[in-house]
Amino acid sequence: MPDPIIITRKLRREFIRDQFHVIALEDVDLEVQPAEFVALMGPSGSGKSTLLHLIAAMDRPTSGEIKALGTDLRALSDRQIARWRNQHIGFVFQSFNLIPVLTALENVELPLRLTKLSRKDRLEHARTALELVGLGDRVHHLPRQLSGGQEQRVAIARAIVTDPDIILADEPTGNLDAGSALEVLTLLSRLNKEFSKTVVLVTHDPHAAQFASHTRHLEKGQLLPNSVAV
Amino acid sequence: MIRHWPLVLKNGLRNKRRTTLTVCSIAVSLCVLGVFLAIYHSFYFTDATPEQAFRLVTRNKVSLAQVMPTSYRQKIEQVSGVREVMVMQWYGGEYKDPKNMFARMAIEPARFFAMFPEIKLAEEQKLAFQRERSACLLGRELAEKFNLKVGDRVTLKGDIFPGTLEFTVRGVYDNTRRPADEMFFNIQYLYESLPQRRRDFAGTFAVLADSPDSVPRVAREIDALFRNSPVQTKTETEREFELSFISFLGNVKAFLLSVCGAVTFTILLVSANTMAMSVRERVKEVGILKTLGFTRGAIMGIILGEAALIALLGGILGWCLALLLTQGLRYAPVMIGEIKMLTLRPSVTVVLLAASLIIGIASALIPAWGASRTTIVDAMRHSG
């Protein structure tokens, strides 16, 4: 069995919010294998998104260990983390989060601006990513000219354009109708199966979780021991 | 930052109305700053012309309103290094309407053209002016403004001096160094209009030195000559003399600098407010960029670049407006030569554009710093 691509040990995240001490995650031990599709489920406030943010190195844990692709994320500086995230993580938000003044192509090209690729290569990669998500004919559209489902597909294209090892999706179907949600989930599943991408999907929709190979449940900041294999 | 230039450009044009208003407000402020800097430069950093470098002005030490005896000329002529001395008297007076402001100077025609070689006119006009007691010379700009030509009559109603003087225009001159907008006439004609007991006076003496190097020494020696006289003198270069006129307006230097400072500070506040608003609206996008791998430095570069772009656009527009305004001020009804020759010199242009860049960057520094320090999680939680 290969080494896990994501490992957390005794992961803990605490916040002080308006003088209230909040424990968002408590002693979370999680292992995700390469090319696995894991769904993280749980009610609102259970710590799903916090765990995803920690895996993406968008946030730092209060204590505990977190390793992704063999890298101890706590040991990296802000600059190293930014570069690591650019190279290895593709993140899909619930609310798409495209830059409104940029076209679909420019939005997808954005992460590649941090690489050494030439403009021509960047645009070629971005076009390929958009074609992969079925939006090859929408490259010059602004986000406001796209439907919700199309916007989310652009966001997925942006997440995969750097060819990351891990795709993290934070309730990507939360703002979509059933048809668009199905398209997005199918796309994530395809990226997992055809391109061997590791996908961690946060959702509280059991239907969405069915696309994952494994489902883990979080409740009150703790990862429940039951692992459900589909 | 250059790599992210398209993003900077698109962000700058995101809210066109706000960007336009900000650019305009910066432009207007920098236009004012540009004009004041041009005036400041013109007053305090303009070198004397080659002709001026030879000339000095001797006046009553007490004030310009106090005169000196004409006999001082003979003594001044004795000073080593003095080539020529000429009596000059400000006449004042009124031409048709009190609003018709221009300099009217009584001078000595026989010495005038040697003293002011930059004044050019036809030889026959020069001779006619020197021959006829009631002749006057008009600068070309002045003659054109009042539609006067050689042979026309000009009447000046006295205010400092009693009576009315009638002149015949005998020459229209050009000035190779400054606007030709003055009137000159024979001081003997003025003396003759006054009672005998009031004729012995000189408002100033224009002194021509044999070389620019001897000017400081000549000034010292002239004043030393009259140190123990009842009427003491103050001799200075023509350039210093002109600046002393400006000082009559008050502490012009402090005034100009304080206006420039106030304008700069105001633009800084306006620009800072705009940038703060602009960044606050985009905190979430900062979070997105960071998620994609943009570093703090890149975020700061993008925001500072946007502010610098807007400020620079305002600076360029402000420079254009200032250029128009300085051209317009040349025709203002003022008798300060520097204003009539006002121009935006390259050094003022550089200062203006540099000021706009600095204002842009300084105004965005705090918002950019704050945005770059915001964590992704906090940024994504921001509702904007």
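Note that the coordinates shown come from a computational prediction; the quantities given were computed from them, not determined experimentally. Each chain has its residues counted from 1, following the order in which its sequence is written. Each chain gets a letter, beginning with A, and each ligand a number, beginning with 1, in the order they are written. Since the coordinates come from a predicted model, pLDDT governs what is reported: local features require at least 70, and pairs of side-chain atoms require 80 or more to be given and counted, while whole-chain, interface and lining totals use all residues. By convention in this description, side-chain values take in all heavy atoms of the structure and omit both hydrogens and water.

Caption draft 1: Inspection of the overall build of chain B at higher detail. Comment: elements are numbered from the N terminus, with helices defined as DSSP H or I runs of at least four residues and strands as E runs of at least two. Looking only at helices and strands, chain B features 15 helices and 10 strands. Within chain B, the fraction of its 384 residues that count as buried is 52%. Note on contacts: a residue pair is in contact if any heavy atoms of the two residues lie within 4.5 Å. Partitioning the intrachain contacts of chain B with sequence separation of at least 6 by distance along the chain shows that 80% fall at a separation of at least 24. For the charge count, each Lys or Arg is scored as positive and each Asp or Glu as negative, with His and the chain ends excluded. In this description, the location of a charge corresponds to atom NZ of lysine, CZ of arginine, CG of aspartate or CD of glutamate. Both charge centroids of chain B, one from 47 positive and one from 34 negative side chains, sit 10 Å from each other. Per-residue accessibility, obtained with a 1.4 Å probe over protein chains only, is compared with the maximum for each type, and a residue is labelled buried under 20%, exposed over 50%, and partly exposed between these values.

Caption draft 2: Focus on the overall build of chain A. In terms of helices and strands, chain A carries 7 helices and 11 strands. For this measure, only C-alpha atoms enter the radius of gyration; the expected value for a globule follows 2.2 Å times N^0.38, where N is the number of residues. Relative to its length of 230 residues, chain A is compact, with a C-alpha radius of gyration of 17 Å against a globular reference of 17 Å. Principal-axis analysis of the C-alpha atoms places the extent of chain A at approximately 45 × 45 × 40 Å. For chain A, the residues scored as buried account for 54% of the 230 residues in total. Taking all contacts inside chain A whose residues are at least 6 apart in sequence as the whole, residues at least 24 apart take part in 69%. Note that accessible areas follow from Shrake-Rupley with a 1.4 Å probe, and for residues the cover is restricted to the protein chains shown. Here chain A displays about 10,300 Å² of accessible surface, and carbon together with sulfur accounts for 50% of that area. If you average the places of the 27 positive and of the 28 negative side-chain charges in chain A, the two averages end up 5 Å apart.

Caption draft 3: Seen up close, the packing of helix 2 (residues 16-44) of chain B against helix 14 (residues 346-373) of chain B. All names here are of chain B. Axis definition: a line fitted to C-alpha atoms, limited for helices to the stretch in contact. Angles are taken between N-to-C directions and run from 0 to 180 degrees. Running from amino to carboxyl end, helix 2 crosses helix 14 at an angle of 145°, the nearest separation of the two axes being 10 Å. Two packed elements cross with a definite hand, and for helix 2 against helix 14 that hand is right-handed. Contacts between helix 2 and helix 14 involve L30, L33, G34, L37, A38 and H41 from the first element and S347, V348, V351, L352, A355, S356 and I359 from the second. When residue character is reported, Ala, Val, Leu, Ile, Met, Phe, Trp, Tyr, Cys and Pro are called nonpolar, Asp, Glu, Lys and Arg charged, and the others, Gly included, polar. Grouping the constituent residues of the contact of helix 2 with helix 14 by class yields 9 nonpolar, 4 polar and no charged. Helix crossings are classified by the rotation of the near helix relative to the far one: an anticlockwise turn of less than a right angle makes the crossing left-handed, while a clockwise turn makes it right-handed.

Caption draft 4: Inspection of the nonpolar core at higher detail. L51(A) and L168(A) are the most contacted members of the largest nonpolar core, which totals 56 residues. Not counting the four nearest positions on each side in its chain, L51(A) is found in contact with L11(A), L25(A), V28(A), L30(A), L40(A) and L218(A). The criterion is simple. A nonpolar core is a set of buried Ala, Val, Leu, Ile, Met, Phe, Trp, Tyr and Cys residues joined through side-chain atoms within 4.5 Å. Within the second largest apolar cluster, 42 residues are counted, among which are M68(B), V85(B), C136(B) and A202(B).

Caption draft 5: A look at the interface of chain A and chain B. Counting residues at the interface gives 28 residues for chain A, matched by 23 residues for chain B. Note: buried area is the sum, over both parts, of the accessible area (probe 1.4 Å) each one loses when the two are combined. Taking both sides of the interface into account, the surface hidden between chain A and chain B amounts to around 2,200 Å²; carbon and sulfur atoms contribute 62%. Among the residues chain A hides against chain B, the three largest losses belong to V101(A), R113(A) and L114(A). Together they make up 25% of the total. By salt bridge we mean one thing: a side-chain nitrogen of Lys or Arg within 4 Å of a carboxyl oxygen of Asp or Glu. Remark: the boundary between chain A and chain B carries 2 salt bridges. Where K10(B) meets E106(A), a salt bridge forms, and the shortest distance between an N and an O atom there is 2.9 Å.

Caption draft 6: Spatial organisation of the packing of aromatic side chains. All names here are of chain B. Whether two aromatic rings pair depends on their centres lying within 6.5 Å, for rings of Phe, Tyr and Trp, where Trp uses its six-membered ring; planes under 30 degrees apart make the pair stacked, over 60 edge-to-face, and the rest tilted. The tally for this structure, following the rule as stated, stands at 19 aromatic pairs over all chains. The interplanar angle of 85° and the centroid separation of 6.0 Å between the aromatic rings of F43 and Y44 together place this pair among those described as edge-to-face. Between the aromatic rings of Y191 and F201, the centroid separation amounts to 5.2 Å while the plane-to-plane angle is 90°, which identifies the pairing as edge-to-face. Remark: F201 occurs in the loop between helix 7 (187-192) and strand 9 (204-209) and Y191 occurs in helix 7; sequence separation between them is 10 residues.

Caption draft 7: Region of the structure containing the domain arrangement of chain B. Residues and elements named next belong to chain B. As assigned here, chain B comprises domain 1 (2-47 + 250-383) and domain 2 (67-230). Placing a centre on the C-alpha atoms of domain 1 and another on those of domain 2 gives a separation of 48 Å. In total, about 540 Å² of surface goes out of reach between domain 1 and domain 2, with carbon and sulfur atoms giving 76% of it. Here domain 1 and domain 2 share 0 salt bridges between them. Think of a polar contact as two N or O atoms within 3.5 Å of one another; within protein, one of them needs to be a possible hydrogen donor and the other a possible acceptor, and neighboring residues in sequence only count if both atoms come from side chains. If you look at where domain 1 meets domain 2, you find 0 residue pairs in polar contact (both at pLDDT 80 or more). Considering only residue class, the side of domain 1 that touches domain 2 consists of 2 nonpolar, 1 polar and 1 charged. Each domain span listed reflects an automatic or database assignment of domains.

Caption draft 8: Looking closely at the pattern of salt bridges. All names here are of chain B. One pass over the full model with this rule turns up 35 salt bridges over all chains. Note that E306 and R282 form a salt bridge whose closest N and O atoms lie 2.8 Å from each other. A residue pair is termed long-range when its members are at least 10 positions apart, and E306 in helix 12 (residues 296-329) and R282 in the loop between helix 10 (252-281) and helix 11 (283-292) qualify at 24 residues. Residue classification places R282 among the buried positions, given a relative accessible area of 8%. Among the ionic contacts, a cluster of salt bridges with common partners joins R73, E77, E84, E108 and R111.

Caption draft 9: Layout of the sheet that holds strand 2 (residues 20-32) of chain A. Residues and elements named next belong to chain A. The strand order across the open sheet formed by 4 strands is 2-1-4-5, and the pairing between neighbours is antiparallel. One side of each edge strand has no neighbouring strand; the edge strands of this open sheet are strand 2 and strand 5 (71-72). Relative to strand 2, strand 1 (residues 6-17) runs antiparallel, the two being bridged by 9 bridges. Paired with I16 across the two strands is H21, which belongs to strand 2. Docked against the sheet, helix 1 (residues 48-55) engages strand 1, strand 2 and strand 4 (63-68), running at close to 60° with respect to strand 2. Only strands joined by at least two bridges in the DSSP assignment are considered to pair.

Caption draft 10: Inspection of the confidence of the model for chain B at higher detail. Residue-level confidence of the predictor is what pLDDT reports, using numbers from 0 through 100. Counting all residues, the mean pLDDT for chain B is 89, and 97% of those residues have values of 70 or more. We note a pTM of 0.76 for the whole complex and an ipTM of 0.92 for its interfaces.

Caption draft 11: Quick look at the side chain of Q89(B). Residues and elements named next belong to chain B. Mapped onto the elements, Q89 comes out in strand 2 (residues 82-90). Judged by its relative accessible area of 8%, Q89 falls in the buried class. At 2.8 Å, the side chain of Q89 forms a polar contact with the backbone nitrogen of G203. Residues within four places of Q89 in sequence aside, it is in contact with V67, R104, M105, A106, F161, I187, L190, F201, A202 and G203.

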